[in-house]
Amino acid sequence: ITKEQDALMKLIVEAYNKHQIPQDVTKKLLQEQYSTEENFLLLTEIATSQVQVLVEFTKNIPGFLSLDHEDQIALLKGSAVEAMFLRSAQVFSRKMPKGHTEVLEERIRKSGISEEFITPLFNFYKSVGELHMVQEEQALLTAITILTPDRPYVKDQQAVERLQEPMVELLKKLCVLQHPQEPQYFARLLGRLTELRTLNHYHAEMLTSWRVNDHKFTPLLCEIWDV
Ligand SMILES: Nc1ccc(C(=O)O[C@H]2C[C@H]3CC[C@@H]2C3)cc1
């Protein structure tokens, strides 16, 4: 790892850890009663908070704020679902106190999300958990997801590639250092990004079904997902 790569990694990890889901949101998970309505409201709070954390993290990715402003929006809107699921998968499988994980799982299962999305969602959570990513890998993988050049409406894809490439190279080196006994570990991480893309479709269905049943979203979620 070169000096520049080490500096880049420290910036990304610092940005990743700077913003977390507020305690009061995760505390509510245990307190509120278990109605479908209450669960939906909790998930709405979690998703809104996740998107806020995502925007703050993205602004701290070196070079992001120097991109064309419309492209910045296109990258955020194009990656919000994937970055949110990636972070919630990491929180779900690692950071949460034991009791919370089961409670959150229960609430997700009973919030009006259709079964056909529940299965792929928890399969994804499980496959992320099994990777036992260190925080550097989590932060870099999230930044790489956000800096995907071929999102809809991105005008200057080369500029995004120039930011994403060094992060992919750095992640590749990190994986070799962190998992020397597992040469295919880096490929497994990138495989998670492919699995993530499939969740976009399910997520759009989830939003539509909630909208149809007249569920209220927050202004931020309406804006980032055009609902
Ligand atoms: N009104 C909404 C409520 C929740 C979501 C959402 O994406 O929830 C995600 C956050 C984590 C819990 C369920 C999934 C993963 C979207 C709109």
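Residues numbered from 1 in each chain as written. Predicted model: local features only at pLDDT ≥ 70, side-chain atom pairs only at ≥ 80, totals over all residues. Heavy atoms only, no water.

Enquirer: Report on the overall build of the protein, specifying residues and quantitative values.
Expert: The number of helices and strands found in the protein is 10 helices and 0 strands. When its helices and strands are written in sequence order, the protein yields α-α-α-α-α-α-α-α-α-α. What you see for the protein is a C-alpha radius of gyration of 17 Å, in line with the 17 Å of a compact globule of 227 residues. Structurally, the protein occupies a C-alpha span of about 50 × 40 × 30 Å along its principal axes. Per-residue burial over the protein gives 50% buried out of 227 residues. Sequence separation of at least 24 residues holds for 79% of the intrachain contacts in the protein that already meet a minimum separation of 6. Here the protein contributes 25 positively and 32 negatively charged side chains, and the mean placements of these two sets differ by 4 Å. (Helix = DSSP H or I, 4+ residues; strand = E, 2+ residues; numbered from the N terminus. Rg over C-alpha atoms; globule rule 2.2 N^0.38 Å. Buried < 20%, exposed > 50% of the residue type's maximum accessible area, 1.4 Å probe, protein only. Contact = heavy atoms within 4.5 Å. Lys, Arg positive; Asp, Glu negative; His and termini not counted. Charge placed at Lys NZ, Arg CZ, Asp CG, Glu CD.)

Enquirer: Talk me through unusual backbone geometry; I want residue IDs and the actual numbers.
Expert: In this model, tyrosine 153 sits at a positive phi of 70°, which is unusual for a non-glycine residue. By secondary structure assignment, the location of tyrosine 153 is in the loop between α7 (135–146) and α8 (157–178).

Enquirer: Please set out the side chain of arginine 151 residue by residue, giving values where relevant.
Expert: Tracing the sequence through the fold places arginine 151 in the loop between α7 and α8. The buried category is assigned to arginine 151, whose relative accessible area is 7%. Within polar-contact distance, the side chain of arginine 151 engages the side chain of glutamate 82 at 2.8 Å. Apart from the residues lying within four places of it in its own chain, the contact partners of arginine 151 are Ala74, Leu75, Gly78, Ser79, Glu82, Thr145 and Arg197. (Polar contact = N/O pair within 3.5 Å; in protein donor to acceptor, adjacent residues only side chain to side chain.)

Enquirer: Go over the site of the ligand with me, naming the residues and quoting the values.
Expert: Taken together, 15 residues surround the ligand, and among them Thr44, Met84, Phe85, Tyr125 and His203 come closest. For the ligand, whose free accessible area comes to 410 Å², the fraction covered by protein is 99%. Residue assignment for the shell around the ligand shows that the elements contributing at least two residues are α3 (36–59), α4 (69–95) and α9 (185–212). Each residue belonging to the shell around the ligand can be placed in one class, and the counts come to 13 nonpolar, 2 polar and no charged. (Near = heavy atom within 4 Å. Areas by Shrake-Rupley, 256 points an atom, 1.4 Å probe, with all protein chains shown as cover. Nonpolar A, V, L, I, M, F, W, Y, C, P; charged D, E, K, R; others polar.)

Enquirer: Which residues make up the packing of helix α2 (residues 23–31) against α3, and what values do they have?
Expert: Their axes nearest at 10 Å, the elements α2 and α3 cross at an angle of 160°. Relative to α3, the element α2 is oriented roughly antiparallel. Viewed along their axes, α2 and α3 form a crossing whose handedness is left-handed. From α2, Val25, Lys28 and Leu29 reach across to α3, where they touch Leu42, Glu45 and Ile46. Residues belonging to the contact of α2 with α3 are distributed by class as follows: 4 nonpolar, no polar and 2 charged. (Axes fitted to C-alpha atoms, helices over the stretch in contact; angles between N-to-C directions. Parallel < 35°, antiparallel > 145°, perpendicular 65-115°, else oblique. Left-handed = near helix turned anticlockwise from the far one by under 90°.)

Enquirer: Which residues make up the pattern of salt bridges, and what are the values?
Expert: In the structure shown here, the tally under the stated rule is 13 salt bridges. In this structure, the salt-bridge partner of aspartate 6 is lysine 10, at a minimum N-O distance of 2.8 Å. One end of the pair, aspartate 6, and the other, lysine 10, are both in helix α1 (residues 3–18), 4 residues apart, so they sit about a helical turn from each other. Note that glutamate 195 and arginine 192 form a salt bridge whose closest N and O atoms lie 2.9 Å from each other. One end of the pair, glutamate 195, and the other, arginine 192, are both in helix α9, 3 residues apart, so they sit about a helical turn from each other. In this structure, glutamate 195 and arginine 192 share a single accessibility class: buried. Bridged by salt links that share partners, the residues Asp68, Glu70 and Lys155 form one connected network. (Salt bridge = Lys/Arg side-chain N within 4 Å of Asp/Glu carboxyl O.)

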